[in-house]
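Coordinate inspection notes
One-letter residues, chain by chain:
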2 protein chains.
Amino acid sequence: MLFSEPMSDAWERRYGFPAPADLPELRALLNHRSVRNFKAEPVSERVMEALVAAGQSASTSSNLQLWSVVSVQEPERREKIAELCAGQKQVREAAWFLAFLADTHRLAEAARARGLDPAGLDYIEFYTMAVIDAALAAERMVCAAESLGLGVCYIGALRNDPYGVQEFLRLPKGTFGTFGLCIGWPSDEERAAIKPRLRQEAIWFRESYPDQVDVSEYDERMKPSYARRGVEGDWSSHSGRRVDGEHMTGRDRLRAFLEEQGFNHR
Amino acid sequence: MLFSEPMSDAWERRYGFPAPADLPELRALLNHRSVRNFKAEPVSERVMEALVAAGQSASTSSNLQLWSVVSVQEPERREKIAELCAGQKQVREAAWFLAFLADTHRLAEAARARGLDPAGLDYIEFYTMAVIDAALAAERMVCAAESLGLGVCYIGALRNDPYGVQEFLRLPKGTFGTFGLCIGWPSDEERAAIKPRLRQEAIWFRESYPDQVDVSEYDERMKPSYARRGVEGDWSSHSGRRVDGEHMTGRDRLRAFLEEQGFNHR
């Protein structure tokens, strides 16, 4: 498999200290990184069917299966969806591009065909459930893809222009393009690194949420990687600017869009 | 590993027809089922640290890491959280119970410590992002657990009493108990079956969303399993009733709760 380091090495890259244990079964799962440079080599329908089967094997709340996926493969259409996703080149170049949908539409239609009124689907509960369903399916699909040596990249920018995506994918009421996913064979030049993360004591709490969460160790550890990218500051300052409400890249329209699609009314 | 069938057998149980291919690497990933009967045998801290590391290895949007996990292990507290989760016995009996949080609080505090105002975090965009982050992390953790032979069960009922959970876990503004996860060794009596799912043509669409989604094949295939549980009807009628707005099990309070916690204001 490409990129794969022993689990204990991957751990050290995540946390900056040696792993307390090495569990070889977890090697691929700890080696995730986002791949943005793909070979111009196809991934077969057969493999994709197996990956979709992995996605469908994930848990789904009450077996409602409130998610769908739309693959965009026609070259002109791929170009267009890449534009809708902030022009990211991996969207253009990956062997497959999948738009993951939160989808209450299929169930709503099925209920109506039985004379039932699916009136509760406009609660934020079902929006939440559908987003969780889509994410669980996607991540199991990603784990499957990576176990075959494929690379992936999630595309949050699918939410930048929700109206444009809705029109382009012909999304009916009750569906929402939640995120995209690129899948393909990593190029030989791909050098994506394992990204450092917060230490476990800053994300895993015992019994209850603590009064204070100390991220200073992480801020220090991340400084060099921001400096390499020419960004001043640390994780706190860099991430804090990202959420100041001035950098919404179109996603400030999401609430209005979701309400028009029938989500989040109550 | 417990429960594991060859990938091609798992495929046939999901879809009701033979697999077009057998990819042995995907065996564990297609074998997922929810385990509700656990042995009274511990899962070590070492293993849990490795599982959390797997969770943290999942993608997180812009590296914001908008999720956390609270483990509830003290026996009296476990009893209490099981009550909050509709009294489900697997919550009481699993070796570990984890409450997954959508968490913008840690980042908000980190931003404020740098003199920044994280004013955008009340957009539904960041609620969505945090729920996705939590779900991606959880599912990679689940894949890791299952690859070690552990069993898991997601607990959506963590959302039944959001105020009770908030008080019990001492959740500050900007956090939300999104779902629970039980992890443990499956009991020798556990006979959870692989659950049939919609055929791929009802969930994976090409280029755009279709005018019609046919679920009649699935309705037929699911009838016997509802009948065995003494439930009349098929997937459409059973699931349609689940979303009629009359069976919200407390989750109709979610929107008010989320707004009080600082989510979904715009």
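All of the points below concern the structure found in this document. (Residues numbered from 1 in each chain as written. Chains lettered and ligands numbered in written order. Predicted model: local features only at pLDDT ≥ 70, side-chain atom pairs only at ≥ 80, totals over all residues. Heavy atoms only, no water.)

This part is about the overall build of chain A. Secondary structure assignment for chain A yields 11 helices and 5 strands. The C-alpha atoms of chain A give 20 Å as radius of gyration, which agrees with the globular expectation for 266 residues (18 Å, within 12%). A principal-axis box enclosing the C-alpha atoms of chain A has dimensions of 60 × 50 × 35 Å. Buried residues in chain A amount to 62% of all 266 residues. Once local pairs closer than 6 in sequence are excluded, the contacts in chain A between residues at least 24 apart make up 75%. A total of about 9800 Å² of accessible surface is found on chain A, and carbon and sulfur atoms cover 48% of it. Averaging the positions of the 34 positive and the 40 negative side-chain charges in chain A gives two centres separated by 2 Å. (Helix = DSSP H or I, 4+ residues; strand = E, 2+ residues; numbered from the N terminus. Rg over C-alpha atoms; globule rule 2.2 N^0.38 Å. Buried < 20%, exposed > 50% of the residue type's maximum accessible area, 1.4 Å probe, protein only. Contact = heavy atoms within 4.5 Å. Areas by Shrake-Rupley, 256 points an atom, 1.4 Å probe, with all protein chains shown as cover. Lys, Arg positive; Asp, Glu negative; His and termini not counted. Charge placed at Lys NZ, Arg CZ, Asp CG, Glu CD.)

Further remarks concern unusual backbone geometry. Positive phi, normally seen in glycine, also occurs at asparagine 63 of chain A, with a value near 55°. Within the secondary structure, asparagine 63 of chain A sits in the loop between helix H3 (45-57) and strand S1 (67-71). In this structure asparagine 63 of chain A comes out as buried when scored by relative accessible area, which is 5%. The backbone of glutamate 207 of chain B shows a phi angle near 70°, a positive value even though the residue is not glycine. Assignment of secondary structure puts glutamate 207 of chain B in the loop between strand S5 (204-206) and helix H9 (216-228).

In screw terms, the move from chain A to chain B is a rotation of 180° and a rise of 0.0 Å along the axis, fitting with an RMSD of 0.0 Å. Accordingly, the operation relating the two chain copies is best matched by a two-fold axis. Of all interface residues in chain A, 100% are interface residues in chain B too; the two copies therefore contact each other through one and the same surface. (Least-squares fit on C-alpha atoms with pLDDT ≥ 70 in both.)

Within an α-helix, residues lying three or four positions from one another point in the same direction, as the helix has 3.6 residues per turn. Residues and elements named next belong to chain B. Among all positions in helix H8 (residues 162-169), only Pro162, Gly164, Val165, Phe168 and Leu169 are buried. Around the axis of H8, the buried residues are gathered within 160° of arc, so they sit on the same side. If you follow the buried residues of H8, they end up packed against strand S1 (67-71), helix H4 (75-84), strand S2 (96-103) and helix H11 (254-260). Just beyond H8, the residue with positive phi is arginine 170, at close to 55°. (Arc of directions from axis to C-beta.)

We now examine the interface of chain A and chain B. Contacts between chain A and chain B engage 127 residues on the former and 127 residues on the latter. For the pairing of chain A and chain B, the buried interface totals around 10600 Å² over both sides, and the portion due to carbon and sulfur atoms is 59%. Linking chain A to chain B there are 20 salt bridges. Between arginine 77 of chain A and glutamate 207 of chain B there is a salt bridge whose closest N-O contact spans 2.9 Å. Across the contact surface, chain A and chain B share 73 residue pairs in polar contact (both at pLDDT 80 or more). The residue makeup of the side of chain A that touches chain B, split by class, is 67 nonpolar, 28 polar and 32 charged. Alignment of S1 of chain A against S5 of chain B, held across 3 bridges, turns out to be parallel. When the sheet's bridge partners are listed, serine 71 of chain A is paired in S5 of chain B with arginine 206 of chain B. (Buried area = accessible area lost by both parts, 1.4 Å probe. Salt bridge = Lys/Arg side-chain N within 4 Å of Asp/Glu carboxyl O. Polar contact = N/O pair within 3.5 Å; in protein donor to acceptor, adjacent residues only side chain to side chain. Nonpolar A, V, L, I, M, F, W, Y, C, P; charged D, E, K, R; others polar. Pairing = 2+ DSSP bridges.)

With respect to topology, 5 strands assemble into an open sheet ordered S3(A)-S4(A)-S2(A)-S1(A)-S5(B), the strand pairing being mixed. The open sheet has two edge strands with one neighbour each: strand S3 (151-155) of chain A together with S5 of chain B. Across this sheet, the average inter-strand angle for adjacent strands is 25°, counted without regard to direction. Relative to strand S4 (residues 175-184) of chain A, strand S2 (residues 96-103) of chain A is paired through 8 bridges, and the arrangement is antiparallel. In the strand pairing of S4 of chain A, phenylalanine 100 of chain A is matched with phenylalanine 179 of chain A. (Axes fitted to C-alpha atoms, helices over the stretch in contact; angles between N-to-C directions.)

Side chains of nonpolar character tend, in soluble globular proteins, to be buried together. By size, the foremost hydrophobic cluster in this structure holds 144 residues, and its most contacted members are Leu26, Leu51 and Ile183 of chain A together with Leu26, Leu51 and Ile183 of chain B. Among all residues touching leucine 51 of chain B, those that are not within four sequence positions of it are Leu26 of chain A together with Met141, Ala144, Ala145, Leu148, Leu150 and Ile183 of chain B. (Core = buried A, V, L, I, M, F, W, Y, C linked by side-chain atoms within 4.5 Å.)

A full pass over the atoms with the stated rule returns 46 salt bridges over all chains. Residue arginine 159 of chain B pairs with glutamate 125 of chain A through a salt bridge whose shortest N-O separation is 2.7 Å. Taken together, the positions of arginine 159 of chain B in the loop between strand S3 (151-155) and H8 and glutamate 125 of chain A in helix H7 (residues 124-147) put the pair across two chains. Of the two residues, arginine 159 of chain B and glutamate 125 of chain A, both sit in the buried class. As a salt-bridge pair, arginine 140 of chain A and glutamate 139 of chain B come within 2.6 Å of each other at their nearest N and O atoms. Of this pair, arginine 140 of chain A sits in helix H7 while glutamate 139 of chain B is found in helix H7 (residues 124-147), placing the two residues in two different chains. Here arginine 140 of chain A falls in the buried class, since its relative accessible area comes to 0%. Several salt bridges share partner residues, and in doing so they unite Arg255 and Glu259 of chain A together with Arg255 and Glu259 of chain B into one network.

Judged by pairing direction, the sheet is mixed, and its 5 strands sit side by side in the order S5(A)-S1(B)-S2(B)-S4(B)-S3(B) without closing on themselves. Either end of the sheet is taken by a strand with one partner, and the two such strands are strand S5 (204-206) of chain A together with S3 of chain B. Averaged over all pairs of adjacent strands, the angle between strand axes in this sheet comes to 25°, irrespective of strand direction.

Residues and elements named next belong to chain B. Two numbers describe how helix H3 (residues 45-57) lies on H7: the axes approach to 7 Å, and their chain directions differ by 135°. One element, H3, and the other, H7, form an angle in the oblique class. As H3 runs across H7, the sense of the crossing is right-handed. Residue-level contacts link Leu51, Val52, Ala54, Gly55 and Ser57 of H3 to Ala137, Arg140, Met141, Ala144 and Ala145 of H7. Within the contact of H3 with H7, the residues separate by chemical class into 7 nonpolar, 2 polar and 1 charged. (Parallel < 35°, antiparallel > 145°, perpendicular 65-115°, else oblique. Left-handed = near helix turned anticlockwise from the far one by under 90°.)

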